[in-house]
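Take a look at the letters that make up each chain.
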Number of protein chains: 6
Amino acid sequence: MTQSAKRFAAPAIDTLPDDIRARLLAVQEKSGFVPNVFLTFARRPDEFRAFFAYHDALMEKDSGLSKAEREMIVVATSAANQCQYCVIAHGAILRIRAKNPLIADQIAVNYRKADITPRQRAMLDFAMKVSRAAEEVSEADFAALAAHGFSDDDIWDITAIAAFFALSNRMANVTGMRANDEFYLMGRVPKQ
Amino acid sequence: MTQSAKRFAAPAIDTLPDDIRARLLAVQEKSGFVPNVFLTFARRPDEFRAFFAYHDALMEKDSGLSKAEREMIVVATSAANQCQYCVIAHGAILRIRAKNPLIADQIAVNYRKADITPRQRAMLDFAMKVSRAAEEVSEADFAALAAHGFSDDDIWDITAIAAFFALSNRMANVTGMRANDEFYLMGRVPKQ
Amino acid sequence: MTQSAKRFAAPAIDTLPDDIRARLLAVQEKSGFVPNVFLTFARRPDEFRAFFAYHDALMEKDSGLSKAEREMIVVATSAANQCQYCVIAHGAILRIRAKNPLIADQIAVNYRKADITPRQRAMLDFAMKVSRAAEEVSEADFAALAAHGFSDDDIWDITAIAAFFALSNRMANVTGMRANDEFYLMGRVPKQ
Amino acid sequence: MTQSAKRFAAPAIDTLPDDIRARLLAVQEKSGFVPNVFLTFARRPDEFRAFFAYHDALMEKDSGLSKAEREMIVVATSAANQCQYCVIAHGAILRIRAKNPLIADQIAVNYRKADITPRQRAMLDFAMKVSRAAEEVSEADFAALAAHGFSDDDIWDITAIAAFFALSNRMANVTGMRANDEFYLMGRVPKQ
Amino acid sequence: MTQSAKRFAAPAIDTLPDDIRARLLAVQEKSGFVPNVFLTFARRPDEFRAFFAYHDALMEKDSGLSKAEREMIVVATSAANQCQYCVIAHGAILRIRAKNPLIADQIAVNYRKADITPRQRAMLDFAMKVSRAAEEVSEADFAALAAHGFSDDDIWDITAIAAFFALSNRMANVTGMRANDEFYLMGRVPKQ
Amino acid sequence: MTQSAKRFAAPAIDTLPDDIRARLLAVQEKSGFVPNVFLTFARRPDEFRAFFAYHDALMEKDSGLSKAEREMIVVATSAANQCQYCVIAHGAILRIRAKNPLIADQIAVNYRKADITPRQRAMLDFAMKVSRAAEEVSEADFAALAAHGFSDDDIWDITAIAAFFALSNRMANVTGMRANDEFYLMGRVPKQ
């Protein structure tokens with residue numbers, strides 16, 4: 001455990017409010033382990049609730065973007081922000097959702113060289129601009145997305161995901177949040 | 001209204017869920033106008049609820065940082081991200097909370113030259129690093145804060161505020177969110 | 001007063017050469033106070049004379065650019081250079097010359113989102129390139145200006161103003177030049 | 001296959017000079033496949049010979065750096081240069097040489113957060129400076145390495161590896177060199 | 001002649017005001033040719049007068065910095081700004097004033113590797129910070145200069161020269177100002 | 001001699017392997033002096049052989065690029081990397097190969113303002129992108145070169161030269177490799 005991780009260590013699970021403990025147990029039940037993002041945020045129950053409500057609103061609901069595409073945005077922007085937790089954990093989710101064991105590493109290293117469609121490339125170009133230079137986003141950027149059939153609501157979704165992980169990446173980098181070992185191999189080999 | 005602002009125009013107020021309409025009316029009652037951030041986010045009720053819950057958890061509760069100090073973080077990082085809404089609206093709030101008509105402009109232009117204490121300078125140095133290069137935050141940065149008496153919980157607060165406005169700034173820049181005219185003068189002249 | 005400001009404190013007014021003292025008194029008479037840029041440069045009479053002669057040649061004479069437009073260039077480029085004195089003092093002058101209490105803050109934070117004409121936007125795009133990457137200015141940039149009706153002499157003016165404030169911003173940042181308190185409110189409320 | 005990869009497609013193997021064909025067959029024999037870097041460079045026999053002679057002189061001979069440490073330098077600097085081939089292929093080699101299935105992904109995303117020793121951290125700090133800002137390397141950087149026991153020959157090795165992959169990364173990015181599918185899983189699961 | 005140079009071509013010499021024509025003739029008399037900076041600025045007599053008055057106040061008067069040291073500042077900062085006229089013309093002057101045929105090229109390429117004293121290195125480190133990031137200049141930078149014996153007036157001089165050439169470099173780059181052929185060889189071979 | 005140069009001083013010539021000593025003597029015979037790059041690399045015979053084999057494959061053989069054009073690539077990219085040895089030594093070679101005493105300084109300071117053809121400008125634009133941001137090279141860049149008649153093999157050559165000097169520049173900057181005094185004047189005055 002790094003010094004940052006010790007500094008912001010997770011509270012003991014039995015000291016947590018009921019709803020937060022319940023969410024931890026549910027994710028443990030489903031995944032077989034508790035991803036560290038849940039443990040780190042548990043230090044602050046109100047922020048925990050807001051963070052995951054926001055996350056679920058963006059990543060779990062219906063959208064013009066597929067779930068795999070949304071994870072592509074997370075992986076590409078989190079790699080630019082050098083966030084270990086987000087690249088490795090969401091890389092795993094991307095592999096599973098895209099049913100593609102190679103795509104996450106390709107997008108993390110250089111999304112411009114990844115095996116994605118031109119539409120997905122346009123989506124990631126925009127997401128990267130939101131992540132790294134949102135102050136320069138202009139009508140020309142919207143037009144490039146519209147040319148690939150993205151609606152205004154799709155644009156909002158791309159923006160909101162890139163913006164939400166701008167927050168997550170910073171929290172993870174400062175708190176020294178580690179990707180659980182389980183994530184590294186997930187989606188790389190056929191489930192047994 | 002810019003093209004972006006039209007693209008992501010606020011929904012009609014009578015189409016909104018009750019809780020969101022209630023919050024809009026409450027803020028209108030308190031401030032005399034509805035800040036545009038409420039109108040823009042109203043397009044997405046679930047995101048609205050998570051966004052403001054997160055905001056309030058960071059900016060309204062008790063903390064080792066004063067409310068004015070928290071607004072300093074918002075203004076400094078939002079200026080680096082060139083976010084019109086956040087610099088102008090939170091600049092107004094900072095002037096009011098610090099009871100200082102000059103401080104917001106000073107911090108927005110160059111926080112290193114602003115009339116702040118060495119402790120506040122250390123706080124803003126850290127917040128700026130979280131905002132612009134969180135991947136490089138190290139134990140040396142934590143030590144610099146500890147030397148000014150900041151606790152680990154204070155460091156979390158600084159981080160979380162800089163991270164939350166990394167999200168807000170991106171949403172505001174892409175949606176073309178405008179600062180309401182009322183904010184520009186607020187806190188500059190004695191209230192009548 | 002910051003340490004830098006003390007380091008480069010203004011000389012006593014009665015030690016100044018006659019022409020410089022006269023200029024200080026004239027500006028005091030006209031404005032009701034002596035802007036700090038006059039006091040700081042008074043340390044070096046020859047540089048004072050050259051600096052203000054250059055300033056007046058660019059900012060006061062007739063030009064294809066209105067006086068408000070010239071101040072827009074000052075505010076936009078000085079904000080990019082994080083110059084407290086220039087953004088706040090010339091922001092005041094811009095508000096007055098444009099008769100618009102909002103425009104200076106908008107341009108200082110993100111000129112791409114300010115309420116300006118497309119012609120003014122092209123002017124500021126060029127001025128920012130001169131300020132931040134003049135080595136890359138090319139015929140394509142001149143063509144973009146010509147498309148908005150700017151003449152070669154207008155282009156010279158935009159360039160020279162951005163270049164002159166590249167000098168001013170550096171002098172003000174190193175000498176710790178402070179914006180006088182009077183500037184902050186100027187042009188924000190109707191003159192009484 | 002991307003357009004770049006087609007543009008710089010490998011020549012037919014039976015058109016190659018004997019020594020180059022022999023090396024391709026040897027690596028095929030040893031690894032079970034021919035890594036694409038061999039195929040791409042085969043287009044230019046003289047450059048192929050010089051490239052691999054240089055590579056082997058740095059990566060295969062005895063050195064004060066372990067083979068795993070040398071691969072760490074490759075992965076960290078290639079990630080900064082966003083080189084798909086090098087990060088994924090040498091990530092595989094690093095996992096094998098370090099007998100650690102997690103280390104390559106950690107270093108690729110943010111080497112500052114990876115599970116490495118302080119000595120390895122100093123090595124990578126220096127390698128990254130060579131890769132990204134060699135013009136600023138100074139005696140202070142050498143002193144930081146000496147403090148961890150690195151000799152002048154070790155410093156040469158770190159420098160030469162970072163420099164050689166500065167070359168490799170650029171060739172791979174422009175030629176659209178793809179990481180062979182086999183690399184992605186190598187070193188992640190026990191060899192059967 | 002490039003397109004920019006044609007765009008901002010020098011006016012016919014007999015159309016110039018007397019004092020400006022006199023200065024051109026004086027410099028022609030002294031140097032054997034008229035450096036292009038005089039011809040380009042002649043387009044604007046008031047700016048010409050202010051520009052050269054400022055230049056002479058900084059570069060010709062007595063100062064704690066030798067004339068060669070002042071030219072070092074010009075060459076180092078103008079190289080960072082990629083200004084052909086200033087690097088080549090002032091490189092010539094530097095060679096002559098330092099009586100050193102190698103120094104200008106060394107400083108232009110990488111002043112950190114040039115054959116200069118530690119005091120001159122500190123002077124150029126500061127000048128480069130003024131030129132490229134004046135907004136970050138702090139007391140620590142002044143202390144580094146004081147440690148080498150630089151007075152506050154010396155610091156002003158370093159700052160003012162870096163600031164003045166921030167202006168000059170931008171004017172030269174936009175106007176396409178060319179270094180006269182005579183400058184390239186000047187100071188490289190013994191005068192005959 | 002700087003500290004770095006001492007740290008990586010050349011081995012005594014009589015301790016070198018025969019083939020390397022022979023190459024040193026040959027270049028001494030031809031040029032009248034031994035360029036320092038040969039002495040520095042002699043420390044590592046295997047790397048010496050690979051380095052010069054690679055160099056000669058790129059710079060000496062037949063190519064769609066003239067030898068002068070290849071040296072332009074070296075000078076432009078080495079200037080961006082602030083490499084004293086490469087800019088000054090290859091600047092000399094460029095002057096000789098182009099039979100133009102001005103071209104090297106022009107390209108070193110700002111290749112966009114140099115007296116080169118539009119085709120050479122396109123070549124250098126691409127080389128600079130390879131040198132500074134190869135990860136962003138795309139089909140649009142190849143198309144820009146094709147429009148000037150560059151073949152795929154020419155593109156490989158431009159890329160490989162920019163990539164090889166990315167390596168060389170880093171080695172020279174870290175080892176403190178100095179340009180021999182002889183290079184500074186070479187090609188500036190008619191050979192006697």
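Note that the coordinates shown come from a computational prediction; the quantities given were computed from them, not determined experimentally. Throughout, a residue's number is its position along its own chain's written sequence, starting from 1. By the order in which they are written, chains take letters starting at A while ligands take numbers starting at 1. At least 70 in pLDDT is required for a residue's local features to be given in this predicted model, at least 80 for side-chain atom pairs to be given and counted, and no such filter applies to totals for whole chains, interfaces and linings, which use all residues. Only hydrogens and water are set aside when side-chain values are computed; all heavy atoms of the structure are taken into account.

**Regarding the overall build of chain A**
Each helix and strand counted, chain A has ten helices and zero strands in total. Along chain A, helices and strands appear, N-terminal first, in the series α-α-α-α-α-α-α-α-α-α. Its C-alpha radius of gyration of 17 Å places chain A within 12% of the 16 Å reference for a compact globule of 192 residues. Here the C-alpha coordinates of chain A stretch approximately 50 × 40 × 30 Å along the principal axes. A buried classification covers 58% of the 192 residues belonging to chain A. The contact rule is simple, with two residues in contact once any of their heavy atoms fall within 4.5 Å. At a minimum sequence separation of 6, the contacts of chain A that also span at least 24 residues come to 68%. In DSSP terms, a helix is any run of H or I states spanning at least four residues, a strand is any run of E spanning at least two, and both are numbered starting from the N terminus. Radius of gyration here is computed from C-alpha atoms only, and the compact-globule reference equals 2.2 Å multiplied by the residue count raised to the power 0.38. Remark: exposure states derive from per-residue accessible area (1.4 Å probe, protein chains only) relative to the maximum for the residue type, with buried under 20%, exposed over 50%, and partly exposed in between.

**What about the environment of Thr175(D)?**
Residue and element names in this part refer to chain D. Inspection of the secondary structure assignment puts Thr175 in helix α10 (residues 152-175). Once the C-alpha coordinates of Thr175 and Ala9 are considered, the two residues, 166 residues apart in sequence, prove to be 8.6 Å apart. At 2.7 Å, the side chain of Thr175 and the backbone oxygen of Met171 are in polar contact. Pairs of N or O atoms are called polar contacts if they sit within 3.5 Å, as long as, within protein, a hydrogen donor faces a hydrogen acceptor (for residues adjacent in sequence, only side-chain-to-side-chain pairs).

**Examining the side chain of Lys113(A)**
Tracing the backbone shows Lys113(A) in the loop between α7 (103-110) and α8 (118-133). The side chain of Lys113(A) sits in the buried core without any salt bridge; Glu139(F) is the nearest counter-charge, 7.9 Å away. Among all residues touching Lys113(A), those that are not within four sequence positions of it are Gln84(D), Asn173(D), Arg178(D), Glu135(F) and Val137(F). Only four residue types enter the tally: Lys and Arg on the positive side, Asp and Glu on the negative side; His and the chain ends are excluded. When a carboxyl oxygen of Asp or Glu is within 4 Å of a side-chain nitrogen of Lys or Arg, the pair counts as a salt bridge.

**Topic: the arrangement of the chains**
For chain A and chain E, which are not in contact, the least C-alpha distance works out to 20 Å. For the non-touching pair chain B and chain F, the nearest C-alpha separation works out to 20 Å.

**So, the relation of the copies chain B and chain A**
To superpose the copies, least squares is applied to the C-alpha atoms of every residue with a pLDDT of at least 70 in both. Overlay of chain B on chain A (RMSD 0.0 Å): rotation 180°, translation along the axis 0.0 Å. These values place the two chain copies in the arrangement generated by a two-fold rotation axis. Taking C-alpha positions as the reference, the residue of chain B nearest the rotation axis is Ala50(B), at 2.4 Å. Of all interface residues in chain B, 100% are interface residues in chain A too; the two copies therefore contact each other through one and the same surface.

**Structural notes on the environment of Ala104(C)**
Residue and element names in this part refer to chain C. Structurally, Ala104 is set in helix α7 (residues 103-110). Judged by relative accessible area, which is 2%, Ala104 ranks as buried. Spatially, the C-alpha atom of Ala104 lies 32 Å from that of Pro11, the residues being 93 residues apart in sequence. If sequence neighbours within four positions are ignored, Ala104 has contacts with Val75, Gly91, Leu94 and Arg95.

**Here we look at the interface of chain B and chain A**
Listed by partner, the interface residues are 43 residues for chain B and 43 residues for chain A. For the interface between chain B and chain A, the tally reads twelve salt bridges. Our enumeration of links across chain B and chain A arrives at 16 residue pairs in polar contact (both at pLDDT 80 or more). Looking at the side of chain B that touches chain A, the elements that each hand over two or more residues are α1 (3-7), α3 (36-41), α4 (45-59), α8 (118-133), α9 (139-146) and α10 (152-175) of chain B. Counting residues per element, the side of chain B that touches chain A draws most heavily on α10(B), at 16 residues. In this count, Pro and Cys sit with the nonpolar residues alongside Ala, Val, Leu, Ile, Met, Phe, Trp and Tyr, while Asp, Glu, Lys and Arg are called charged and the others, Gly among them, polar. Of the residues in the side of chain B that touches chain A, the class split is 22 nonpolar, nine polar and twelve charged.

**Here's the deal with the packing of aromatic side chains**
We call Phe, Tyr and Trp rings a pair once their centres come within 6.5 Å, taking the six-membered ring for Trp, and we label the pair stacked below 30 degrees between planes, edge-to-face above 60, and tilted otherwise. In the structure shown here, the tally under the stated rule is 90 aromatic pairs over all chains. A centroid spacing of 5.0 Å and a plane angle of 85° characterise the contact between Phe51(A) and Phe52(A), whose relative ring orientation is edge-to-face. Judged by relative accessible area, which is 4%, Phe51(A) ranks as buried. When its relative accessible area of 5% is taken as the criterion, Phe52(A) is described as buried. Aromatic side chains Tyr54(F) and Phe164(F) sit 5.4 Å apart centroid to centroid with 40° between the ring planes, which places their arrangement in the tilted category. On the criterion of sequence distance, the pair formed by Tyr54(F) in helix α4 (residues 45-59) and Phe164(F) in helix α10 (residues 152-175) is long-range, its members being 110 residues apart.

**As for the environment of Gly91(F)**
All names here are of chain F. Turning to its location among the elements, Gly91 is positioned in helix α6 (residues 84-98). Separated by 48 residues in the primary sequence, Gly91 and Glu139 have C-alpha atoms spaced 31 Å apart. Those residues in contact with Gly91 that sit more than four places away from it in its chain are Val75, Cys86 and Ala104.

**Focus on α10(D)**
An α-helical turn contains 3.6 residues, so a residue and the one three or four places further along point in the same direction. All names here are of chain D. Helices are assigned an expected span. That span is 1.5 Å times one less than the residue count. Along its 24 residues, α10 runs 35 Å from first to last C-alpha, staying within 8% of the 34 Å computed at 1.5 Å per residue. For α10, the buried fraction is high: 22 of the 24 residues fall into the buried class. The positive-phi residue at the C-terminal boundary of α10 is Gly176, with phi of around 65°.

**Notes on the packing of helix α10 (residues 152-175) of chain A against α10(B)**
The packing of two helices is summarised by the inter-axis angle and the distance between the axes. Convention adopted: a line fitted to C-alpha atoms gives each axis, helices being fitted over their contacting stretch, and angles between N-to-C directions are expressed from 0 to 180 degrees. Following both chains from N to C, one finds α10(A) and α10(B) inclined at 165°, their axes separated by 9 Å at the closest point. With respect to α10(B), the element α10(A) is oriented roughly antiparallel. By crossing handedness, the relation of α10(A) to α10(B) is classed as right-handed. Along its contact with α10(A), which presents Trp156(A), Thr159(A), Ala160(A), Ala163(A), Phe164(A), Ala166(A), Leu167(A), Arg170(A), Met171(A), Val174(A) and Thr175(A), the element α10(B) presents Trp156(B), Thr159(B), Ala160(B), Ala163(B), Phe164(B), Ala166(B), Leu167(B), Arg170(B), Met171(B), Val174(B) and Thr175(B). Its residues placed into classes, the contact of α10(A) with α10(B) shows 16 nonpolar, four polar and two charged. We call two directions roughly parallel when the angle between them is under 35 degrees, roughly antiparallel when it is over 145, roughly perpendicular when it lies between 65 and 115, and oblique otherwise. We call a crossing left-handed when the near helix sits turned anticlockwise from the far one by less than a right angle, and right-handed when that turn is clockwise.

**Remarks on helix α2 (residues 18-31) of chain B**
All names here are of chain B. Compared with an ideal rise of 1.5 Å per residue, which puts 14 residues at 20 Å, α2 spans 20 Å between its outermost C-alpha atoms and is within 8% of the ideal. Restricting attention to buried positions, one finds in α2 the residues Ile20, Leu24 and Val27. Taken down its axis, α2 places every buried residue within 70° of arc, on the same side. Residues of α2 that are exposed and point over 90 degrees away from its buried face: Asp18, Glu29 and Lys30. Taken from the helix axis, the directions to the C-beta atoms give the arc we talk about.

**Observations regarding the confidence of the model for chain A**
You can read pLDDT as the predictor saying how much it trusts each residue, on a scale of 0 to 100. Looking at chain A, the pLDDT average stands at 96 and 96% of residues meet or exceed 70. Note on the complex model: pTM 0.97, ipTM 0.96.

**What to know about the side chain of Asn81(D)**
Considering the arrangement of structural elements, one finds Asn81(D) in the loop between α5 (67-80) and α6 (84-98). If sequence neighbours within four positions are ignored, Asn81(D) has contacts with Ser131(D), Arg132(D), Ala166(D), Asn169(D), Arg170(D), Asn173(D) and Glu135(F).

**Describing the state of the cysteines**
Disulfides are defined as pairs of cysteine sulfur atoms found within 2.5 Å of each other. In total, this model carries zero disulfides over all chains according to the counting rule given. For the unlinked cysteine Cys83(B), the closest cysteine sulfur is that of Cys86(B), found at 3.3 Å.

**Digging into unusual backbone geometry**
If a residue is not glycine, its phi is most likely negative; likewise, a peptide bond is most likely trans. With a phi close to 55°, Gln82(E) is a non-glycine residue in the positive phi region. Judged by relative accessible area, Gln82(E) falls into the partly exposed class, the value being 22%.

**Considerations on the packing of α6(D) against helix α7 (residues 103-110) of chain D**
Residue and element names in this part refer to chain D. With their axes 8 Å apart at the nearest point, α6 and α7 run at an angle of 135° to one another. Judged by the inter-axis angle, α6 sits oblique to α7. Residues Val87, Gly91, Leu94, Arg95 and Ala98 of α6 form the contact with α7, whose own contacting residues are Ile103, Ala104, Asp105, Ile107 and Ala108. The residue makeup of the contact of α6 with α7, split by class, is seven nonpolar, one polar and two charged.

**Some thoughts on the pattern of salt bridges**
Taken as a whole and judged by the stated rule, the model has 131 salt bridges over all chains. The closest approach of N and O atoms between Arg49(E) and Asp19(E), which form a salt bridge, is 2.6 Å. Highlighted residues: Arg49(E) in helix α4 (residues 45-59) and Asp19(E) in helix α2 (residues 18-31), separated in sequence by 30 residues. Note that Arg188(F) is salt-bridged to Asp105(F), the shortest N-O span being 2.9 Å. Residue Arg188(F) is located in the segment after α10, and its partner Asp105(F) is located in helix α7 (residues 103-110); the two are separated by 83 residues in the primary sequence. For the pair Arg188(F) and Asp105(F), a shared accessibility class is recorded, and that class is buried. One salt-bridge network, held together by shared partners, links Arg43(A), Arg44(A), Glu47(A), Lys61(B), Asp153(B) and Asp157(B).

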